[in-house]
Structures are given as C-alpha cells and as structure tokens.
Amino acid sequence: NNIEQSKIPQATAKRLPLYYRFLKNLHASGKQRVSSAELSDAVKVDSATIRRDFSYFGALGKKGYGYNVNYLLSFFRKTLDQDEVTKVTLIGVGNLGTAFLHYNFTKNNNTLISLAFDVDENKIGTEIGDVPIYHLDHMEEHLPEDVTVAILTVPAQAAQAITDRLIAKGIKGILNFTPARLNVPEEIRIHHIDLAVELQSLVYFLKHYPNA
Ligand code: ATP
C-alpha cells in the first residue's frame, strides 16, 4: 500500500466507509466495474467529488469504463483496516447502550464491542449479545490494552469524569452519544452524535426548507 494515509483529506476519509459499503454490495452482486455517475447516484455524493476522492486512492477511472471494483475494494479494505478487527468498549448499558450491544456492527465493518461497563449491580456480571458487562469501578483492570475506542452512552453528567479515566487508560477515540461537550487533549478524537439534536434539526429543516 504505497498511498500515504496522511495525504487523504479528512473530508475524503469520512466518506471512505460509505464508498466501502456500496462497493462491497456491488462486488457481492458480481459487478466488475462502476462509473462515477452510478456511484454518485447510490451514495449521494456528486460525481466530481467522487472523482477527486478516488484520485487520492490512486484509482483513475477510465472514460467509458469506470472504476475497477476489485481494485477499489482491496484498497478500502487495507485503508480501513478491514483485515483486522477493531475492538471497542461501551460505557453505559441503558436503552441505547443495550441496543448497540445487540447490534451486529461486524456486518458492515470490522468493529466489535468486546466488553461493556456500567454501575448498575443488576447488569454487572451479565452478558448482552455475548458482551460481558463489568463494574465501572473496575474499568482499569478489565480494559485490555488493544481497546482504543469507546462508545459513551451514560447520563450526561457522568460523561466527563468517565472520559478522563478512559483517556488515562489509553483510549484514543470516543463516540459520544451523550449531550455533554467533552474536554479532551488535542490528540484524542471525539465524534459527537446527539440523537435528540439531530432529530430536532431534521424537523427544523423540513419545516423551513421543505423543498431543499
Ligand atoms: P439511555 O439514555 O441509554 O436510553 P437509560 O434511559 O436507560 O439510557 P440512563 O439513565 O441514561 O438510562 O443511563 C444509561 C446507563 O448508564 C444505565 O445503564 C445506567 O446504569 C448507566 N450509568 C449511570 N450512571 C453511570 C455512571 N456514572 N457510570 C457508568 N454508567 C452509568
């Protein structure tokens, strides 16, 4: 893999999983090649952006031929580390957290929630979807070194203190589902998904920009 990861712009990198999922389906249906127009239609990204994105991947589409599906797929697999399973921990096994434990992430990408933490004694020591649940007080002793990603589904007021402990233990990335804005060192990556805000924003856009 001679394409330098650092040269792919972040905006392009964010679209990688989207492209990957679509190409995997194409491949499964036996397709050998795909045009930027077809891709554009399927992933809802304009074709100029797709062509620019793909040029970073070293994939130069040919006029009247399109892109080679196998080439792209093997590139994405390598770049997204699909040959290796990324282990994730989940903190907070409430309604949302429980849903994530049941959800089979490995269907679409190679991430796996391998253990979870909570403070509710009724949940400690049980398993949900094959994922063991431990007491948060014992997080430091249970969390394996190779787990560097955490999903946060605790009440907002508990989020910052837990985040500090996760970072001290070596967590590098957090998918934050709590409404709390987290303060973290620069090198730690937080992706914030506030479902209530997203829903409210959708409703607002429908109301004020109905035809957009
Ligand atoms: P959700 O918001 O996920 O639907 P919920 O409404 O079921 O959750 P919450 O009160 O939001 O419940 O709590 C989410 C989970 O986080 C619960 O399982 C709760 O036991 C757990 N929890 C609460 N406080 C803490 C804490 N300080 N550390 C870890 N887990 C906690």
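Sequence positions are assigned chain by chain, starting from 1 and proceeding in written order. Note on the predicted model: pLDDT of at least 70 is required for a residue's local features to be given, and 80 or more for side-chain atom pairs to be given and counted; whole-chain, interface and lining totals, by contrast, use all residues.

Quick notes on the overall build of the protein
Line of reasoning, step 1. Labels follow the DSSP assignment, with helices taken as runs of H or I lasting at least four residues and strands as runs of E lasting at least two, numbered in each case from the N terminus. A tally of helices and strands in the protein yields eight helices and nine strands.
Line of reasoning, step 2. Its C-alpha atoms put the protein at 60 × 45 × 35 Å along the principal axes.
Line of reasoning, step 3. The burial criterion counts other C-beta atoms lying within 10 Å of a residue's C-beta, which is placed from the backbone; the residue is buried at 20 or more, exposed at 12 or fewer, and partly exposed between these limits. Here the protein holds 212 residues, and 20% of them are scored as buried.
Line of reasoning, step 4. Contacts are defined on C-beta atoms placed from the backbone: any two residues whose C-beta positions lie within 7 Å are in contact. For the protein, the share of sequence-separated contacts (at least 6 apart) that also reach a separation of at least 24 residues comes to 53%.

Concerning the domain arrangement of the protein
Line of reasoning, step 1. The domain architecture assigned to the protein consists of domain 1 (5–78) and domain 2 (86–198).
Line of reasoning, step 2. Distance between the C-alpha centres of domain 1 and domain 2: 31 Å. Boundaries between domains were set according to an automatic or database domain assignment.

Re the UniProt feature "binding site: NAD(+)" (unreviewed entry) in the protein
Line of reasoning, step 1. UniProt positions are given in the numbering used here, feature names are shortened, and annotations may be inferred rather than shown by experiment. Per the UniProt record, the feature "binding site: NAD(+)" (unreviewed entry) sits at Gly-92, Val-93, Gly-94, Asn-95, Leu-96 and Gly-97.
Line of reasoning, step 2. Of note, Gly-92 is situated in the loop between β3 (86–91) and α5 (95–102).
Line of reasoning, step 3. Residues within four places of Gly-92 in sequence aside, it is in contact with Gly-97, Asp-118, Leu-152, Thr-153 and Val-154.
Line of reasoning, step 4. Take Gly-94: there are 13 C-beta atoms within 10 Å of it, and that puts it in the partly exposed class.

So, the site of the ligand
Line of reasoning, step 1. Of all residues adjacent to the ligand, which total 16 residues, the nearest are Gly-92, Gly-94, Asn-95, Leu-96 and Ala-158.
Line of reasoning, step 2. If you list the elements that add at least two residues to the shell around the ligand, you get α5 and α7 (156–168).
Line of reasoning, step 3. The element best represented in the shell around the ligand is α5, accounting for three residues.
Line of reasoning, step 4. Under the scheme applied here, ten amino acids are nonpolar (Ala, Val, Leu, Ile, Met, Phe, Trp, Tyr, Cys and Pro), four are charged (Asp, Glu, Lys and Arg), and all others, including Gly, are polar. Within the shell around the ligand, the residues separate by chemical class into nine nonpolar, five polar and two charged. Only the C-beta atom matters for this test: placed from the backbone, it must lie within 6 Å of a molecule or strand for the residue to be near it.

Looking at the UniProt feature "DNA-binding region" (unreviewed entry) in the protein
Line of reasoning, step 1. In the numbering used here, UniProt assigns the feature "DNA-binding region" (unreviewed entry) to residues 18–57.
Line of reasoning, step 2. Across residues 18–57, helical content stands at 72% and strand content at 5%; the span's end C-alpha atoms are separated by 14 Å.

Here's the deal with the sheet that holds strand β9 (residues 189–192)
Line of reasoning, step 1. By this definition, two strands are paired if DSSP reports at least two bridges between them. The strand order β5-β6-β4-β3-β7-β8-β9 describes an open sheet built from seven strands, whose pairing is mixed. One side of each edge strand has no neighbouring strand; the edge strands of this open sheet are β5 (127–128) and β9.
Line of reasoning, step 2. Judged from the four bridges that link them, strand β8 (residues 173–176) and β9 form a sheet pairing that is parallel. Its bridge partner being in β9, Ile-174 is matched across the sheet by Ile-190.

Thoughts on the environment of Glu-38
Line of reasoning, step 1. Positionally, Glu-38 belongs in helix α2 (residues 36–43).
Line of reasoning, step 2. Separated by 22 residues in the primary sequence, Glu-38 and Leu-16 have C-alpha atoms spaced 16 Å apart.

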